[in-house]
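# Observations on the model geometry
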Amino acid sequence: MIEPRTIQELSGLLRARQVSSVELTKGYLERLDRSDGAIRSFVAVHREDALAAAAECDRLLGIGEVPSSPLFGLPVAIKDNMCVKGWEVTCGSKILKGYVAPYDATVVARLRAAGAVLIGLCNMDEFAMGSSTENSAYGPTRNPWDLGRVPGGSSGGSAAAVAAGFCGVSLGSDTGGSIRQPAAFCGVVGFKPTYGRVSRYGLIAFASSLDQIGPLASTVWDCAAAYEVMAGHDLQDTTSLPHPQELLTLGLREVGSHPLKGVRVGIPREYYGEGLDSEVRTVIETAIRQLTDLGGEVVDVSLPHTMHGLSTYYLIAPAEASSNLARYDGVEYGARVQASSYHLMAGATRGGGFGSEVKRRILIGTYVLSSGYYDAYYERAMKVRTLIKQDFDRVFDRVDVLVTPVAPTPPFRFGERAQNPLQMYMSDLLTIPTSLAGLPGLALPAGFTSEGLPVGLQVIGSSMQETAVFQTAYAYEQATTWHTQRPKL
Amino acid sequence: MTQEEVQKLADLARLTLTPEEIARYTGQLDVIFHHVEQLNSLNVTDVLPTSHVWPLKNVIREDREIPGLVPGQLSTFAPEVEHDQFVVPKIMEGD
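Small disclaimer: the values here were computed from a predicted structure and weren't measured.

### Remarks on unusual backbone geometry
Residues and elements named next belong to chain A. The linkage connecting Gly153 with the following residue, Ser154, adopts the cis geometry, with an omega of 10 degrees. Position of Ser154 relative to the elements: it lies in the loop between β3 (117-122) and α5 (156-163). Positioned with a positive phi, Phe127 is a non-glycine residue whose angle comes to about 50 degrees. Summarising the element assignment, Phe127 is placed in the loop between β3 and α5. Located in the positive-phi region is Met464, a residue other than glycine, with phi close to 75 degrees. Positionally, Met464 belongs in the loop between β11 (454-461) and α15 (466-478).

### Remarks on the packing of helix α1 (residues 3-12) of chain B against helix α2 (residues 19-36) of chain B
Residue and element names in this part refer to chain B. Here α1 crosses α2 at 105 degrees, and the two axes come no closer than 9 Å. In terms of orientation, α1 lies roughly perpendicular with respect to α2. On α2, the residues that touch Gln3, Val6 and Gln7 of α1 are Ile22, Ala23, Tyr25, Thr26 and Leu29.

### Quick look at the state of the cysteines
Applying the stated rule across the entire model yields 0 disulfides over all chains. A:Cys223 carries a free sulfur, and the closest cysteine sulfur to it, the one in A:Cys167, is 12 Å from it.

### Quick word on the pattern of salt bridges
The full count for this structure, using the stated rule, is 19 salt bridges over all chains. Here B:Glu21 ties to A:Lys359 by a salt bridge, and the two come within 2.6 Å at their closest N and O atoms. Of this pair, B:Glu21 sits in helix α2 while A:Lys359 is found in helix α11 (residues 356-369), placing the two residues in two different chains. Taking the relative accessible area as the measure of exposure, A:Lys359 reaches 4% and is therefore buried. Where B:Arg64 meets B:Glu62, a salt bridge forms, and the shortest distance between an N and an O atom there is 3.7 Å. Under the relative-accessibility criterion, B:Arg64 is labelled partly exposed at 46%. For B:Glu62, a relative accessible area of 59% translates into the label exposed. Through salt bridges with shared partners, a single ionic network connects A:Asp146, A:Arg149 and A:Glu451.

### Thoughts on the packing of α11(A) against α1(B)
Each pair of packed helices can be summarised by the angle the axes make with each other and by the distance between the axes. One can describe the packing of α11(A) onto α1(B) by two numbers: an axis separation of 9 Å at closest approach and a directional angle of 95 degrees. Taken together, α11(A) and α1(B) sit at an angle that is classed as roughly perpendicular. Counted together, A:Leu363, A:Thr366 and A:Tyr367 of α11(A) and B:Glu5, B:Val6, B:Leu9, B:Ala10 and B:Leu12 of α1(B) form the full contact between these two elements. When grouped by side-chain class, the residues that make up the contact of α11(A) with α1(B) number 6 nonpolar, 1 polar and 1 charged.

### Re the sheet that holds strand β4 (residues 169-174) of chain A
All names here are of chain A. Strand order in this open sheet of 11 strands is β1-β3-β2-β4-β6-β5-β10-β11-β9-β7-β8, and the pairing throughout is mixed. Either end of the sheet is taken by a strand with one partner, and the two such strands are β1 (42-45) and β8 (297-301). Direction aside, neighbouring strands of the sheet carry axes that sit 30 degrees apart on average. Helix-sheet contacts for helix α3 (residues 47-63) involve β1 and β3, and the interaxial angle to β3 is about 155 degrees. In the packing of α5 onto the sheet, contacts are made with β1, β2 (75-79), β3, β4 and β6 (212-217), and the angle to β4 comes to roughly 155 degrees.

Quick notes on the rules
Residues numbered from 1 in each chain as written. Chains lettered and ligands numbered in written order. Predicted model: local features only at pLDDT ≥ 70, side-chain atom pairs only at ≥ 80, totals over all residues. Heavy atoms only, no water. Helix = DSSP H or I, 4+ residues; strand = E, 2+ residues; numbered from the N terminus. Axes fitted to C-alpha atoms, helices over the stretch in contact; angles between N-to-C directions. Parallel < 35°, antiparallel > 145°, perpendicular 65-115°, else oblique. Contact = heavy atoms within 4.5 Å. Disulfide = S-S within 2.5 Å. Salt bridge = Lys/Arg side-chain N within 4 Å of Asp/Glu carboxyl O. Buried < 20%, exposed > 50% of the residue type's maximum accessible area, 1.4 Å probe, protein only. Nonpolar A, V, L, I, M, F, W, Y, C, P; charged D, E, K, R; others polar. Pairing = 2+ DSSP bridges.

Geometry only, nothing functional implied.
Take a look at the structure:
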């Protein structure tokens with residue numbers, strides 16, 4: 001039984017032929033079989049495909065034709081909203097039950113080309129709408145650190161799978177915090193790239209101007225290795241950026257006792273207000289002191305429009321979603337409720353196939369886009385989005401990165417927020433502005449509460465500055481031991 | 001937010017909802033829209049809307065044939081298919 005280790009370590013062992021890809025894959029699958037019954041991080045495990053891919057990796061190792069990515073031969077899990085050819089993909093919804101992806105998402109194709117072993121799909125809040133994975137039509141995922149608490153969302157399954165050691169790395173998607181918040185709640189690393197760095201082709205859309213795919217892993221280095229495979233321009237996604245992505249892992253090494261010398265770390269005061277849980281505050285303040293010890297220069301800054309992020313997001317994202325989800329009407333995909341006319345069929349299929357949160361957001365989106373309300377809500381929100389972005393632009397003249405908590409509270413219990421949508425939305429307070437501005441944001445473990453619940457630190461960079469974000473995060477991680485701790489399963 | 005308004009939205013969005021749902025969503029939407037009213041406190045005169053964070057314009061490619069999906073691949077897992085076409089009930093007048 002192989003204990004889960006980092007991709008960095010396993011990759012070395014694999015290439016030195018001390019372990020085979022099949023052995024590694026079997027080890028991860030055994031662990032999954034033993035412990036995912038309680039956690040339910042996966043909605044589908046594709047054993048045969050995984051073992052066949054692993055066998056192929058071993059064959060390539062045997063003849064010396066090995067792709068360079070550290071992900072070669074290692075198990076990767078994919079969130080249930082990305083197309084893997086031949087696999088059923090449901091976005092955590094009943095309305096897509098039975099729909100099998102006819103093609104690979106670009107990120108999936110790139111992972112395959114790098115030799116990653118795809119093992120299955122992870123649970124999520126329906127259509128990526130949620131902050132707890134309680135909105136999955138296939139049942140919730142539990143936090144491996146405390147089974148009575150949520151893993152966060154919407155990429156709760158992806159985060160839990162990494163935390164529990166069921167895969168080397170997983171893919172999530174982040175629209176308002178859906179990679180970063182579950183990463184923080186599950187004590188793992190999660191990264192949302194600059195908007196446009198990673199192709200959205202094959203990611204089933206929620207809010208097109210905000211959605212980004214990103215990796216979750218147990219360490220910053222592993223996360224960077226996965227990001228390197230996926231990032232880069234894609235002709236199939238016209239919103240993807242043409243800029244080349246430098247190799248991040250090369251820059252993540254020991255650089256002496258003051259690796260953050262010369263790095264100006266901004267602390268935006270609006271992220272440390274009254275609503276911040278006191279134990280979260282303590283953990284983050286300790287982390288900030290550590291950043292100073294590492295040579296960082298802490299700079300007090302202000303992002304004055306932060307408090308308007310939630311309202312802005314909960315007008316824009318539902319508006320975009322109401323448009324993106326219009327296609328699910330019983331005609332082309334998955335489920336259909338038969339009826340005598342198209343409109344009745346569409347109404348019944350959607351009414352019965354979508355869960356409450358999805359319907360709520362479609363209603364909000366329809367309202368704010370309707371004539372008479374468009375200017376007052378949607379257009380105003382787009383203007384406030386500009387103000388939020390400008391806050392960040394101004395601040396990045398004076399600092400290199402920003403450091404904040406990821407979530408205002410530790411992981412909450414099941415049912416605690418499910419009945420109160422607005423309270424649930426508050427979980428995204430600290431991650432939303434980064435999404436609205438399209439900036440890179442990384443969450444990594446920064447400690448635990450007195451009850452042993454993970455608390456995450458967020459590092460935000462200026463547009464396209466993935467390098468600064470990863471290097472700051474790496475420096476902090478290497479000076480601490482949070483990343484070596486794993487939940488007892 | 002009234003239940004009539006929510007019913008109208010549901011019709012626009014092609015969502016068949018139960019009366020219980022209409023009542024529930026009306027209450028919840030009311031709370032949410034009350035919260036977003038705070039955006040009205042901001043002065044957005046002369047602020048341009050951001051619909052997209054990058055100034056991308058007219059992203060085009062060469063008009064060259066590349067391999068793509070074929071009809072058969074797209075219809076395989078649709079609810080009802082005939083000759084690679086999606087079968088639907090008719091759209092009726094006054095529906």
